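Observations on chain architecture
Chain residues, written in single-letter form:
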Amino acid sequence: MRQDSEFADPLQALAHDLQDDLKIVDELVHQRAASDHVQRIGQVAGHLFTAGGKRVRPILTLASARLFNCEGINHIRLATALEFIHTTTLLHDDVIDRSSRRRGRPTANLLWDDKSSILVGDFLFARAFQLMVATSSVDALTVLADSSAAIAEAEVLQLARQHDTGISEEDYFRIINGKTAALFATGARVGALIAGAGAADCRAAEKFGKSLGISYQIRDDLLDYIGTDKSLGKNVGDDFRDRKVTLPLLRAVQSADVEERAFWNRVIDRGQQREGDLETALSILQSRNILEQVQAEAEAWSNSAIDELRHLPDHPIRGRLRRLAEFAAHRGV
């Protein structure tokens, strides 16, 4: 196992340790993302898969399986299924959000159309369930089905509360639990499950993944205000311009005076944004110490993830996962 100093981030270190499994996942992704009959499916899916992507969710599945010395091919199938489910959400999200850029490239809905993105996403979702069924594990299928339902529920909740500065923190966390943390948690859980780990180990793996996912998403919300285009893979301020009520904005609204509340109501609730509004928003966040508060929240969830690792087997991969949790709350620096 190579030293962490040889890698830019802990995810690269994990990818190196799991490279043989990841190679098979990539082969299976490209094989199952194609259609023998419909060229458009391979074009749309291939556009997103060839753009890169960090493969965080499959890596969590493979890492969790490695912790318990998994053998066979089923952990590969589940890791691929996770990647297909995640890609489905990206295709659908870009349509819902009217996005034009993903992973530094034009989105599929921009290059083709909304209908193609939605239907290819549906195709990949079906492929995911074919892979799950191939494992013959009802328990794994149940976990992934429950996670898929949670994702869809969170998407609808986000749609219902979009551009609403009155959203509660409870609903905010319900959304990011579904949209981000659910697949992190599921990936870690099914990796342990398919390896034959006991119930307590599976729960610890799931809690690790959930806390990691929440830390990851909170940090992502923060980077929209303090990151760079390169670190984000999108434009800084996109969430603000899209009027997304993420944790920094939510905390700012909670602590706003009359003048600030009028500002947030204008730019988010009513969508009347003007030149210089992003700079004003950033100034408010800085003056209210919101950025520091949100960073502390990301670090708290990172620490929760690390705490769960204590319950998992002593293995070199566990050290990698610990450093990944630490990195999640500080990435993009």
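Just above, that's the structure.
What comes next concerns the included structure. For clarity, every value in this text was computed on a predicted model and none was experimentally measured.

About the cut-offs
- Residues numbered from 1 in each chain as written.
- Predicted model: local features only at pLDDT ≥ 70, side-chain atom pairs only at ≥ 80, totals over all residues.
- Heavy atoms only, no water.
- Core = buried A, V, L, I, M, F, W, Y, C linked by side-chain atoms within 4.5 Å.
- Buried < 20%, exposed > 50% of the residue type's maximum accessible area, 1.4 Å probe, protein only.
- Helix = DSSP H or I, 4+ residues; strand = E, 2+ residues; numbered from the N terminus.
- Contact = heavy atoms within 4.5 Å.
- Disulfide = S-S within 2.5 Å.
- Phe/Tyr/Trp six-rings, centres within 6.5 Å; stacked < 30°, edge-to-face > 60°.
- Salt bridge = Lys/Arg side-chain N within 4 Å of Asp/Glu carboxyl O.
- Expected span 1.5 Å × (residues − 1).
- Polar contact = N/O pair within 3.5 Å; in protein donor to acceptor, adjacent residues only side chain to side chain.

Let's shift gears to the nonpolar core. Formed by 66 residues in total, the largest nonpolar core has its most connected members in Leu14, Leu60, Phe84, Leu124, Phe208, Leu212 and Leu321. No other element matches the 9 residues that helix 5 (residues 74-96) contributes to this core. Those residues in contact with Leu14 that lie beyond four places of it in its chain are Ile59, Ala63, Ile317, Arg320, Leu321 and Leu324. Of all hydrophobic cores here, the second largest spans 31 residues; its members include Ala281, Leu285, Ile290 and Ala298.

What follows covers the environment of Arg320. Structurally, Arg320 is set in helix 17 (residues 316-328). Under the relative-accessibility criterion, Arg320 is labelled buried at 1%. Here the alpha-carbon distance between Arg320 and Ala63, two residues 257 residues apart in the chain, equals 9.1 Å.

Below, the discussion takes up the environment of Val236. Structurally, Val236 can be placed in the loop between helix 11 (229-232) and helix 12 (238-241). As for Val236 and Val267, which are separated by 31 residues in sequence, their C-alpha atoms are 17 Å apart.

Enumeration according to the criterion identifies 0 disulfides in this entry. For the unlinked cysteine Cys70, the closest cysteine sulfur is that of Cys202, found at 11 Å.

Geometry of an aromatic ring pair is reported as the spacing of the ring centres plus the angle between the planes. Overall, the coordinates contain 6 aromatic pairs when judged by the stated rule. Geometrically, the ring pair formed by Phe49 and Phe84 is tilted, given 5.9 Å between the ring centres and 55° between the ring planes. Of this pair, Phe49 sits in helix 3 (residues 39-49) while Phe84 sits in helix 5, and the two are 35 residues apart along the sequence. Here Phe49 falls in the buried class, since its relative accessible area comes to 4%. Aromatic side chains Phe173 and Trp301 sit 6.3 Å apart centroid to centroid with 40° between the ring planes, which places their arrangement in the tilted category. Residue Phe173 is found in helix 9 (residues 169-194), and its partner Trp301 is found in helix 16 (residues 290-309); the two are separated by 128 residues along the sequence.

A few words on unusual backbone geometry. Phi is positive for Asn69, close to 55°, though the residue is something other than glycine. Judged by its relative accessible area of 57%, Asn69 is exposed. For Arg243, which is not glycine, the phi torsion reads 65° and is therefore positive. Relative to the assigned elements, Arg243 resides in the loop between helix 12 and helix 13 (247-254).

A separate point is the environment of Ile85. Note on placement: Ile85 falls in helix 5. For Ile85, a relative accessible area of 3% translates into the label buried. When near neighbours in sequence (up to four residues on either side) are disregarded, Ile85 contacts Phe125, Ala128, Met132, Leu144, Ser148, Ile151 and Leu183.

Another point: the pattern of salt bridges. Pairs can form between side chains of opposite charge once their charged atoms are near each other. Throughout the structure, instances matching the rule amount to 22 salt bridges. Here Arg55 makes a salt bridge to Glu83, at a shortest N to O gap of 3.1 Å. With Arg55 in the loop between helix 3 and helix 4 (56-67) and Glu83 in helix 5, this pair connects stretches of sequence that are 28 residues apart. The pair Arg55 / Glu83 is uniform in exposure class, with both members buried. A salt bridge links Asp171 to Arg161; its shortest N-O distance comes to 3.0 Å. Linking Asp171 in helix 9 with Arg161 in the loop between helix 8 (138-160) and helix 9, this pair joins segments that are 10 residues apart in sequence. Residue classification places Asp171 among the buried residues on the basis of a relative accessible area of 13%.

What follows is about helix 7 (residues 114-134). For helix 7, with 21 residues, the first-to-last C-alpha span of 31 Å sits near the 30 Å given by 1.5 Å per residue. Those residues of helix 7 lying buried are Ser116, Ser117, Val120, Gly121, Phe123, Leu124, Arg127, Ala128, Leu131 and Met132. Among the structural elements, helix 2 (19-32), helix 3, helix 5, helix 6 (108-111) and helix 8 are those in contact with the buried residues of helix 7. One side-chain oxygen at the N-terminal end of helix 7 lies 3.3 Å from the backbone nitrogen of Lys115; it belongs to Asp113. Positive backbone phi, at 60°, marks Ser136, one or two positions downstream of helix 7.

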